[in-house]
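# Reading the structure
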Amino acid sequence: MPGRRPTAPPVWTRKELDRERETALQGFIRERGKEGTRLYVETLGKIEPALREIFKETEDLRCFDEHSLLKDPSVLDAARYLAGPPISEDDLKTLAGGAISRRSLVGPLGARLTGLLTSCLDPVRLPWVSEGRSPSPHERETAIMWTAGLWAVERLRTIRRTESSKRQEAAVESLLTLSGYTLQANLRRIQSLDDLRRGSFGREALLAGSKCDRPVRLFDGRLLALECKVSNSPLNSVKRLIRETGGKSRQWGEEFGRKVITGAVLAGVFNLVHLVSAQEDHKISVFWEHDLMPMKRFVSRAR
């Protein structure tokens, strides 16, 4: 009908945001309670044997060089956690001067990298390395289990993030399919809104230079750019919701104006003040993983 105003996404009151935030928080607590220590023990059980093999192959890290990295790429990950303090993957790339690949380790980068990692080995956990001697059985065992614990914690965080993201994205796809939308496969980049057909959605794609988790072309022609965000702390919610999603919302708005609606599907721990800011200051439409019915009503009516 000519002149008809487009269907608006849901707008939450402060009280409603606080209520949904509390529901998401309780869901996060229940999930962690069910998990207990099982996943940590399983992860530790996979890491420990690999770490023991690395100690054996490098003669308790006394023969750690670029040949060790070439022989077993997992040595590189282990070395990051043998440092004191551990070195993040991003920091290691910066220190190495760029991306690290198996091929790049053959040249001077391999020697430079092993020299760097050797100089960063934790002197408290691995005192025998700097002292030029063999470790005692107790020193070796303590170092292996200590390092395995550090490595397992970080890997567990990655597993949680990955599984949570997959769960959210699967829930969103299921809802869109039930609402009459179809998947447009092999969509990698959206330069024009018409790159995505009306009544369809894509998986992760570049939208105006930034990755969008689930772009949705509404039946009325607008684009709903959905970001799936899981936060494990109020501080983390600043990064996930304000910095990441808010920054993209501003960028997409500058590129496409009101033709793009930025939405965030949330789960976990979020601070109320950040939720209010996301909705009011950054123009982000908030949806909740624990109740996607408001999203279903919106995408079904946006015709």
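To start, this report covers the structure provided alongside it. The written sequence of each chain sets the order in which its residues are numbered from 1. Only residues with pLDDT of at least 70 get local features here, since the model is predicted, and only at 80 or more are side-chain atom pairs given and counted; chain-wide, interface and lining totals rely on the full set of residues. Computation of side-chain values covers all heavy atoms of the structure but excludes hydrogens and water.

With that settled, consider unusual backbone geometry. Across the junction of Gly84 and Pro85, the peptide omega takes the value -5°, indicating a cis bond. Under the scheme used here, helices are H or I runs from DSSP no shorter than 4 residues and strands are E runs no shorter than 2 residues, and both carry numbers assigned from the N terminus. Mapped onto the elements of the fold, Pro85 is located in the loop between α4 (74-82) and α5 (89-96). Despite not being glycine, Glu59 shows a phi value in the positive range, around 50°. Its place among the elements puts Glu59 in the loop between α2 (38-57) and α3 (66-71). Only protein chains enter the accessibility calculation, which uses a 1.4 Å probe. A residue is then buried if its area is under 20% of the maximum for its type, exposed if over 50%, and partly exposed in between. Judged by its relative accessible area of 43%, Glu59 falls in the partly exposed class.

All right, on to the layout of surface pockets then. The distinction between a cavity and a pocket rests on a 1 Å grid over the protein atoms alone: a 1.4 Å probe fits inside a cavity but cannot get out, while a pocket stays open yet meets protein on both sides within 12 Å along at least five of seven lines, and a residue with an atom within 4 Å of a point counts as lining. Grid points are joined across faces, edges and corners, and a volume is the space filled by probe spheres set on the points. Its boundaries defined by the atoms lining it, the largest pocket holds a volume of some 1,300 Å³. Lining of the largest pocket is provided by 40 residues; of these, Arg161, Ser164, Ser165, Val230 and Arg240 occupy positions nearest its centre. Among the secondary structure elements, those contributing two or more residues to the lining of the largest pocket are α1 (14-35), α2, α8 (137-178), β7 (223-232), α9 (234-256) and β8 (260-269). Examining the composition of the lining of the largest pocket, we find that 11 residues originate from one element, α8, more than from any other. The residue inventory of the lining of the largest pocket, partitioned by class, reads seven nonpolar, 10 polar and 23 charged. Nonpolar residues are Ala, Val, Leu, Ile, Met, Phe, Trp, Tyr, Cys and Pro. Charged residues are Asp, Glu, Lys and Arg, and all others, Gly as well, are polar.

Burial within strand β9 (residues 284-288) is extensive, with five of its five residues counted as buried. Burial of β9 is two-sided: the residues Ile284, Val286 and Trp288 facing one way and the residues Ser285 and Phe287 facing the other way are all buried. As paired strands, β8 and β9 are joined by five bridges and run parallel to one another. In the sheet register, Val265 faces β9, and the bridge partner there is Phe287. Handedness of a crossover is defined as follows: with both strands directed away from the viewer, a clockwise route from the first strand across the helix to the second makes it right-handed. As for the winding sense of the linkage, the β-α-β connection from β8 through helix α10 (residues 272-280) to β9 is right-handed. Paired strands, as defined in this entry, are two strands with at least two bridges between them according to DSSP.

A word on a nonpolar patch on the surface. Like-charged residues within 9 Å of one another, or nonpolar side chains (Val, Leu, Ile, Met, Phe, Trp, Tyr) within 5 Å, are grouped into patches, provided each residue has over 30% relative accessible area and no salt bridge. For the area figures, the Shrake-Rupley method with a 1.4 Å probe applies, and any residue is considered shielded solely by the protein chains shown. A pair is scored as a salt bridge if a Lys or Arg side-chain nitrogen falls within 4 Å of a carboxyl oxygen belonging to Asp or Glu. On the surface, Val124, Trp146 and Leu150 cluster together into a nonpolar patch covering about 280 Å² of accessible area. Residue position: Val124 is located in the loop between α6 (108-119) and α7 (127-131).

Our focus in this paragraph is the packing of α5 against α6. Two elements in contact, α5 and α6, have axes separated by 10 Å at closest approach and are oriented at 125°. Considered as vectors, α5 and α6 are oriented oblique to each other. Like other packed secondary-structure pairs, α5 and α6 cross with a definite hand, here right-handed. In contact with Leu92, Leu95 and Ala96 of α5, α6 contributes Leu109, Arg112, Leu113, Leu116 and Leu117. When its residues are assigned to classes, the contact of α5 with α6 shows seven nonpolar, no polar and one charged. Orientation is described by axes fitted as lines to C-alpha atoms, over the contacting stretch for helices, and by angles from 0 to 180 degrees between their N-to-C directions. These descriptions rest on fixed angle ranges, namely under 35 degrees for roughly parallel, over 145 for roughly antiparallel, 65 to 115 for roughly perpendicular, and the rest for oblique. Here a crossing is taken to be left-handed if its near helix is turned anticlockwise relative to the far helix by less than a right angle, and right-handed if that turn runs clockwise. Residue contacts are counted whenever heavy atoms from the two residues lie within 4.5 Å of one another.

This brings us to the packing of aromatic side chains. Two aromatic rings, drawn from Phe, Tyr or Trp (for Trp, its six-membered ring), form a pair once their centres lie within 6.5 Å of each other, and the interplanar angle then sorts them: stacked below 30 degrees, edge-to-face above 60, tilted otherwise. By the definition in use, this model includes three aromatic pairs. An angle of 45° between the planes, with centres 4.6 Å apart, marks the rings of Tyr181 and Phe219 as tilted. With Tyr181 in the loop between α8 and β1 (182-183) and Phe219 in the loop between β6 (214-217) and β7, this residue pair connects regions lying 38 residues apart in the sequence. Residue Tyr181 is classed as buried on the basis of its relative accessible area, which comes to 2%. Directly above the aromatic system of Trp146 lies the positively charged group of Arg125, at a separation of 5.5 Å from the ring centroid. Between the NZ or CZ atom of Arg303 and the centre of the ring of Phe219, over which it lies, the distance is 3.9 Å. Lysine and arginine charges are scored as sitting over a ring when NZ or CZ, respectively, is within 6 Å of the ring centre and within 35 degrees of the ring normal.

So, about the environment of Lys229. Mapped onto the fold, Lys229 is located in strand β7. Residue classification places Lys229 among the buried residues on the basis of a relative accessible area of 8%.

Ranked by internal contacts, the top residues of the largest apolar core, which has 28 residues, are Leu51, Phe55, Leu117 and Leu126. The contact partners of Leu51, leaving out residues within four places of it in the chain, are Ala78, Ile144, Thr147, Ala148 and Trp151. By size, the runner-up hydrophobic cluster in this structure holds 18 residues, among which are Leu175, Leu224, Phe298 and Val299. We define the nonpolar core as a collection of buried residues of types Ala, Val, Leu, Ile, Met, Phe, Trp, Tyr and Cys that are connected through side-chain atoms lying within 4.5 Å of one another.

Per the counting criterion, the structure on display carries 24 salt bridges. Taking the shortest distance from any N to any O, the salt bridge between Asp77 and Arg80 comes out at 3.3 Å. Of this pair, Asp77 and Arg80 are both found in helix α4, three residues apart, which corresponds to roughly one turn of the helix. Classification of Asp77 as partly exposed rests on a relative accessible area of 31%. Glu244 is the salt-bridge partner of Arg240, the closest N and O atoms lying 3.4 Å from each other. Pair noted here: Arg240 and Glu244 are both in helix α9, with a separation of four residues, about one helical turn. The class of Arg240 is buried, set by a relative accessible area of 18%. The network of salt bridges with shared partners includes Glu227, Lys229, Arg240, Glu244 and Lys248.

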